[in-house]
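Summary of structural features
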Protein chains: 2
Amino acid sequence: MRIAVAGLGNVGAAVVRLLQMNKNLLIARGADLTVCAVSARDKAIARSCDLSSVEWVDDPHALAARADIEVVVEVIGGAEGVALELVTAALNNGKHVVTANKAMIATHGIALALLAETSRLQLSFEAAVCGGVPTLKILREGLAANRISSVRGILNGTCNYVLTRMATEGLAFNAALAEAQRLGYAEADPAADIDGHDTANKLAILAALAFGVAPNVASIPTKGIRSVTQADIREAASRGGTIRLLGIGKRDQLGITQKVEPVFIPNGDPLFGINGVTNAIQISGDFAGDILVQGPGAGGDVTASAIVADLVDIARGHRGFAFGVLGANLQKSSN
Amino acid sequence: MRIAVAGLGNVGAAVVRLLQMNKNLLIARGADLTVCAVSARDKAIARSCDLSSVEWVDDPHALAARADIEVVVEVIGGAEGVALELVTAALNNGKHVVTANKAMIATHGIALALLAETSRLQLSFEAAVCGGVPTLKILREGLAANRISSVRGILNGTCNYVLTRMATEGLAFNAALAEAQRLGYAEADPAADIDGHDTANKLAILAALAFGVAPNVASIPTKGIRSVTQADIREAASRGGTIRLLGIGKRDQLGITQKVEPVFIPNGDPLFGINGVTNAIQISGDFAGDILVQGPGAGGDVTASAIVADLVDIARGHRGFAFGVLGANLQKSSN
């Protein structure tokens, strides 16, 4: 299967490296995957992968038009702009798309899903939520037999690192954030993480798959961790617990509710003790009960693991609607 | 898709009930599943499902021969006997098979996989390991891009319950076991659980998928928890940890090692704090890092969740080799 990779930051470079390093393993597992072309802004940057046998394309839009490409991997980022243009063009040109772009999927996922489904193409985004932990696959497939009543998780490693260091080292919020920035766990402009928007994007995607609704990030009440103080953390500790930023989606008799906010986590809660940049999600199903999955939530390698898992599924011929129930309905209405 | 269920204990009855309760949900998710025939020893027992619209068949072997059945669900149990006869006959007659039977898969899995693959049929057994937690799917698909270096887990709820109660209540082994039996967490003859054989069966399956080897339960050094004393538990607690029965599979430069034994778990280990009948598995991949999954490991409902997930995969047309790499090799050698 012939692949183009658009974007060669940490994630894109790790995808190329993974496909080189584990090529024989992947062939044995039923997926012969070859990167034929890549595109990024700066050709001169040193990267963790070998690009000697890969064609460099200056304009990422050109990847969507190539006849020799079956799948476009989009790891440019951003809800709009080049990423959205490229993905739209790729689907219009009959290419499957694999992306890690949570903002784009949370915002434009339904429109892109419709485009994919009308052409019977795959639009896959396991890497958009929880790094290398196959959370979307667990929801869509592993728990496919269950009516899901809730998804509840620590979805942002930056916030979890800051809150962990505030609790274990007694750091003030600003000091913990500065440390996270020094270590590369937080961006120079940390707003998307710290103010909860990244968590809201991921929750919107999880809730869409769990409950069969359209992702609607604009409707999610979102509170970040900027106002969490040392006094709050100490007060939580005095009650035997801690504070974590959670994305919470629930379905009960009153309907579906979604919110992002800092929450008191008591000792004994499965989300207690999830420290540092780890992500963890608890999913509750009517037959499977409470399932917890956890793992490193960010980083080039773990994100590449999820992207290549999506590629393997496509190579194996496994097809599914981008948004489950909704996808089925979309397809019906488009037939 | 037309299904027969062989065995109507807790698990079989829960499968029938799930397919009735969540029928519309499953149809919306792309799987229209109907139980057409069932078989069990005693028709008169009160069960948790409605059998009024299902044909009762006295001889389970007859299910394998029916022209109107596409998938046989085997939940009779036992490595040999009726279960093995039925599964063999079903595959010979062109039926897909879904089973929860860890002993049969660990012992006869390769022979059955060969039978399935030569006829391009699905042999699925997610329910054999870790109840409703989709561990095999995570290994085969979610982490398909990874070279797996270890799988390590609490795979038997009975043992974990006994060890938990020994630690939290100060019970002697025999008293904790008697309590587990009273509560239905341990069988009247607890040997298969307590002596580690159930854990070894599950580990053999996990290791086969993780490392691409044949399951070989006879080769796994297996030590159960019968000889764990209160003194051992107190000594572990004095070092800030606890004791758990683990199944451990590793691959390093020296090769693959597998073992089942009680292990000291320090506070801070992701498997510390996994209490009662919960199962938990840590999987380490070269790109995804350490993933931990946990959930209720046994019971009719959770096992039914895994069985129906396998049925949904078949209905969606997702096909895969029963034993991954090995399956691909098997298929090559049989062509």
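Presented here is a report on the structure given in the accompanying data block. In this text, all values refer to a predicted model and were calculated from it rather than measured experimentally.

What follows concerns the relation of the copies chain B and chain A. Here chain B sits on chain A after a turn of 180° about the axis and a move of 0.0 Å along it, with an RMSD of 0.0 Å. Within this description, the copies of the chain are treated as partners about a two-fold rotation axis. Residue B:V293, judged by its C-alpha, is the member of chain B lying nearest the rotation axis, at 2.2 Å. Most of the interface of chain B is mirrored in chain A, where 100% of its interface residues are also at the interface.

So, about the sheet that holds strand 10 (residues 278-285) of chain A. Two strands in a sheet stick together by hydrogen bonds in their backbones, pointing the same way (parallel) or opposite ways (antiparallel). Taken together, the 10 strands give an open sheet; going across it, the order is 9(A)-8(A)-7(A)-10(A)-11(A)-11(B)-10(B)-7(B)-8(B)-9(B), and neighbouring strands pair in antiparallel fashion. Whereas interior strands pair on both sides, the edge strands pair on one side only; in this sheet they are strand 9 (255-266) of chain A together with strand 9 (255-266) of chain B. The mean inter-strand angle of the sheet, taken between neighbouring strand axes irrespective of direction, is 15°. Examined bridge by bridge, strand 11 (residues 289-296) of chain A and strand 11 (residues 289-296) of chain B share three bridges and lie antiparallel to one another. Considered in strand 11 of chain B, the bridge of A:L292 is made with B:Q294. Each of strand 7 (148-154), strand 8 (241-252) and strand 10 of chain A touches helix 6 (residues 157-169) of chain A; the most contacted strand, strand 8 of chain A, lies at about 140° to it. Against the sheet, helix 5 (residues 135-142) of chain B engages strand 7 (148-154), strand 10 (278-285) and strand 11 of chain B, with an angle of about 10° to strand 10 of chain B.

Residues A:L183, A:Y185 and A:V277 make up a contiguous nonpolar surface patch of roughly 250 Å² in combined accessible area. In this fold, A:L183 is placed in the loop between helix 7 (173-182) and helix 8 (191-194).

Okay, the interface of chain B and chain A next. At the junction of the two partners, chain B supplies 46 residues and chain A supplies 46 residues. When chain B packs against chain A, close to 3,900 Å² is buried across both sides, 57% of that on carbon and sulfur atoms. Three residues stand out in chain B for area buried against chain A, namely B:R29, B:A145 and B:F287, and they jointly supply 18% of the buried area on that side. Our count for the chain B to chain A interface comes out at two salt bridges.

With that settled, consider unusual backbone geometry. Among all residues except glycine, the phi angle is most often negative; among peptide bonds, the trans geometry is most common. Positive phi, close to 50°, is recorded for A:R120, a residue that is not glycine. Inspection of the secondary structure assignment puts A:R120 in the loop between helix 4 (102-118) and strand 6 (123-124).

Another point: the environment of B:D301. Relative to the assigned elements, B:D301 resides in helix 11 (residues 300-315). Taking the C-alpha atoms as reference points, B:D301 and B:A14, separated by 287 residues in sequence, lie 5.5 Å from one another. In this structure B:D301 touches A:F287, B:A14 and B:R17, once residues within four positions along its chain are discounted.

About the thresholds
- Each chain has its residues counted from 1, following the order in which its sequence is written.
- Whichever chain is written first becomes A and whichever ligand is written first becomes 1, with later ones labelled in order.
- Only residues with pLDDT of at least 70 are given local features in this predicted model, and only at 80 or more are side-chain atom pairs given and counted; all residues enter the totals for whole chains, interfaces and linings.
- Here the side-chain values reflect all heavy atoms present in the structure, with hydrogen atoms and water set aside.
- Residues below a pLDDT of 70 in either copy are left out; the C-alpha atoms of the rest, at least 70 in both, set the least-squares superposition of the copies.
- By definition, residues are in contact when any of their heavy atoms lie within 4.5 Å.
- A pair of strands is treated as paired once DSSP finds two or more bridges between them.
- Secondary structure is summarised from DSSP: a helix means a run of H or I of at least four residues, a strand means a run of E of at least two, and numbering begins at the N terminus for each.
- For helices, the fitted axis covers only the stretch in contact; all axes are lines through C-alpha atoms, and the angles between them, taken along N-to-C directions, range from 0 to 180 degrees.
- Within this analysis, patches are made of residues with over 30% relative accessible area and no salt bridge. Like charges are joined at 9 Å or less; nonpolar side chains (Val, Leu, Ile, Met, Phe, Trp, Tyr) at 5 Å or less.
- Surface accessibility in these figures is a Shrake-Rupley result with a 1.4 Å probe; residues are shielded only by whichever protein chains are displayed.
- Salt-bridge detection follows one rule: a side-chain nitrogen of Lys or Arg within 4 Å of a carboxyl oxygen of Asp or Glu.
- Summed over both partners, the accessible surface that disappears when two parts come together, traced with a 1.4 Å probe, is what is meant by buried area.

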